[in-house]
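# Summary of structural features
What follows is the residue order along each chain.
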Amino acid sequence: QVQVVESGGGLVQPGGSLRLSCVVSGSIRSIFFMGWYRQAPGKQRELVARITSGGTTNYADSVKDRFTISRDNAKNTVYLQMNSLKPEDTAVYYCNIAGLGYNYWGQGTQVTVSS
């Protein structure tokens, strides 16, 4: 079994920062894609950022230059540093891991940006 567990969400004021973490455990060795998606109320889930095992990253245009994704392969952990947060970043953020023959999601962590 594979477990994907996010942490680090919360309430933050506009302009503030948060760091999300996602730890993967269980019967999996090498993870190719590790990424973050988000879903706001009434909207579809969208990709925020993704990183390969080799360190190649891609970001949604809306978060470029504000968010940074990183990973620790030895710990099967992926992070999302979110700076200059805006109210429109409010959503449930989901961690995803994917590769050949597997695709797992976490339960999500709420991020609310509000004054």
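Above: the structure in question.
Summary of the structure given here. The structure displayed is predicted, hence computed values, not measured ones.

Attention now moves to the sheet that holds strand β8 (residues 77–82). Reading across from one edge, β1-β3-β8-β7 is the order of the four strands in this open sheet, with antiparallel pairing throughout. Looking at which strands have only one partner, the edges of the open sheet turn out to be β1 (2–7) and β7 (67–72). Strand-to-strand twist in this sheet, taken as the mean axis angle between neighbours without regard to direction, amounts to 15°. Sheet topology places β7 next to β8; six bridges connect them, and they run antiparallel. Opposite Arg71, over in β8, you have Val78 as the bridge partner.

By the bridge criterion, four bridges tie strand β9 (residues 91–99) to strand β10 (residues 102–105) in an arrangement that is antiparallel. Across the sheet, Asn96 pairs through a bridge with Trp105, a residue of β10.

Parameters at a glance
- Residues numbered from 1 in each chain as written.
- Predicted model: local features only at pLDDT ≥ 70, side-chain atom pairs only at ≥ 80, totals over all residues.
- Heavy atoms only, no water.
- Pairing = 2+ DSSP bridges.
- Helix = DSSP H or I, 4+ residues; strand = E, 2+ residues; numbered from the N terminus.
- Axes fitted to C-alpha atoms, helices over the stretch in contact; angles between N-to-C directions.

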